[in-house]
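# Commentary on secondary and tertiary structure
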Amino acid sequence: DYIYGIFMTNLLIVSLIIFACVLLSRISGKLGIPILLSFIVLGMLFGSDGIFKIHFDDYSFAENICSVALIFIMFYGGFGTNVRYAKNVAVRAVLLSTVGVLVTFAVTGVFCHFALRMNPVESFLIGALISSTDAASVFSILRSKKLNLKYNTASMLEIESGSNDPCACMLTATMIAIAKGGASVNGIAILIVRQVFLGLLFGGIIAVVSYFILKKARFSIAGFDMIFVVGIALAGYAIPQAFGGNGALSGYI
C-alpha cells in the first residue's frame, strides 16, 4: 500500500506539471515570453529549493530522461527543416555547427583557465559542454513566433542548432576520455571519425528505408504511422550508438 501510494502521488504530481506546462504555454504566448523560460521557472518551483521541495538526485535517471528528450529534439529538428531553403544555406550552417562550435569551445576553455583559474582539462570540458546552441530553444522561438528573417537566416539557424549537438557531444566525450587519462591522439581521431562516419551512414540508411516503408506501406489502424515514426526516431539514435556512432547526428538525418 505504501509503494502504491507513492506511485499514485508521483502520477498526480506529473499530471499537475503537465497541466501547468500547457497553461504556461498559453500565457507565455500572449506575453511574448519564451516558453522554455517558463519551464525553467516551473522546474525551480517544484525543485528542492522551490515551494514544493521535491528532491531529485538520481543523476543516472536524469541522464536517461535527457537522452530520450534529445532523441526527439534532434529528430524533430531534421524532420521539420525545409530542405528547399536549407540547400542554399547548408554550407554556412555546417561551418557554424562545426567551426563555430570549436571556436566557442576554445574561447570558453581559455577563459575558464586564465580568468577562473581552473585546470585545463576542466576548463575545456566546460567549453565542450556549452559549445552548442540549444536546438529546442531555437526551434521553439523561430517556429512559434514564425519569424521571417532575411537571407534564409531562420533556416540556417535551424540547421546549425540541429546539427551542432553531435560536434559538441564528440568534444565532450573526448574531454571526458582525456580527464580519465585513457585518451591518445590516435584514439581521439578514431573516436571522432567513427562517430561522424557511423552517424552519417546509419542516419542515411534508416532515412531511406523509413521513407520507402512510409511511401509503400498502408497501415491498417489509424495512428500507426505516427507510432512507426516514433520508432524511426528511437532506432535512428539507438542503432548507431550501439556500434559507437553518433546517435544525435543520425537522428537528425
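The structure under discussion appears in the preceding block.
We now turn to the structure provided with this report. Computed from a predicted structure; not experimentally measured.

## Points about the nonpolar core
The biggest cluster of nonpolar side chains holds 9 residues, and these are I71, F75, L198, F202, I206, V229, I232, A233 and Y237. With 4 residues, helix 9 (residues 224-242) is the single largest residue contributor to this core. Setting aside residues up to four positions removed in sequence, F75 forms contacts with V229, I232, A233 and G251.

## Focus on the packing of aromatic side chains
Tallying each qualifying case throughout the model produces 3 aromatic pairs. Ring centres of F75 and F79 lie 5.6 Å apart, and the angle between their planes is 25°; this geometry places the pair in the stacked category. Here the residue F75 and the residue F79 both occupy positions in helix 3 (residues 59-79), the gap between them amounting to 4 residues, near one helical turn. Judged by relative accessible area, which is 61%, F79 ranks as exposed. On the numbers, 5.5 Å between centres and 55° between planes, the contact of F105 with F124 is tilted. With F105 in helix 4 (residues 83-114) and F124 in helix 5 (residues 120-129), this pair connects stretches of sequence that are 19 residues apart. Taking the relative accessible area as the measure of exposure, F124 reaches 23% and is therefore partly exposed.

## A closer look at the packing of helix 8 (residues 185-216) against helix 9
Two quantities define a packed helix pair, namely the angle between the axes and the distance from one axis to the other. At a minimum axis distance of 9 Å, the contact between helix 8 and helix 9 shows a crossing angle of 160°. With respect to each other, helix 8 and helix 9 are oriented roughly antiparallel. Handedness of the crossing formed by helix 8 with helix 9: right-handed. Together, L198, F202, I206, S210, I213 and L214 of helix 8 and F228, V229, I232, A235, G236, I239 and P240 of helix 9 make up the contact between the two elements. Class assignment of the residues belonging to the contact of helix 8 with helix 9 gives a composition of 11 nonpolar, 2 polar and no charged.

## A look at the packing of helix 3 against helix 9
The geometry of helix 3 relative to helix 9 is characterised by a closest axis approach of 9 Å and an angle of 110° between their N-to-C directions. With respect to each other, helix 3 and helix 9 are oriented roughly perpendicular. For the pair helix 3 and helix 9, the contacting residues are I71, F72 and F75 in the first and V229, V230, I232, A233, L234 and Y237 in the second. Of the residues belonging to the contact of helix 3 with helix 9, the class tally is 9 nonpolar, no polar and no charged.

## With respect to the side chain of S97
When you line up the elements, S97 lands in helix 4. Every residue in contact with S97, bar those within four places of it in the chain, is listed here: E160, S163, N164 and C167.

## Some points on helix 2 (residues 35-46)
For helix 2, spanning 12 residues, the distance from its first C-alpha to its last is 17 Å, which sits close to the expected 16 Å at 1.5 Å a residue. Every buried residue of helix 2 is listed here: I35, S38, L42 and F46. In a view along the axis of helix 2, the buried residues occupy a sector of 70°, so they form one face of it. In helix 2, those exposed residues whose orientation departs by more than 90 degrees from the buried face are I40 and M44.

Reading the values: the criteria
Residues numbered from 1 in each chain as written. Predicted model: local features only at pLDDT ≥ 70, side-chain atom pairs only at ≥ 80, totals over all residues. Heavy atoms only, no water. Core = buried A, V, L, I, M, F, W, Y, C linked by side-chain atoms within 4.5 Å. Buried < 20%, exposed > 50% of the residue type's maximum accessible area, 1.4 Å probe, protein only. Helix = DSSP H or I, 4+ residues; strand = E, 2+ residues; numbered from the N terminus. Contact = heavy atoms within 4.5 Å. Phe/Tyr/Trp six-rings, centres within 6.5 Å; stacked < 30°, edge-to-face > 60°. Axes fitted to C-alpha atoms, helices over the stretch in contact; angles between N-to-C directions. Parallel < 35°, antiparallel > 145°, perpendicular 65-115°, else oblique. Left-handed = near helix turned anticlockwise from the far one by under 90°. Nonpolar A, V, L, I, M, F, W, Y, C, P; charged D, E, K, R; others polar. Expected span 1.5 Å × (residues − 1). Arc of directions from axis to C-beta.

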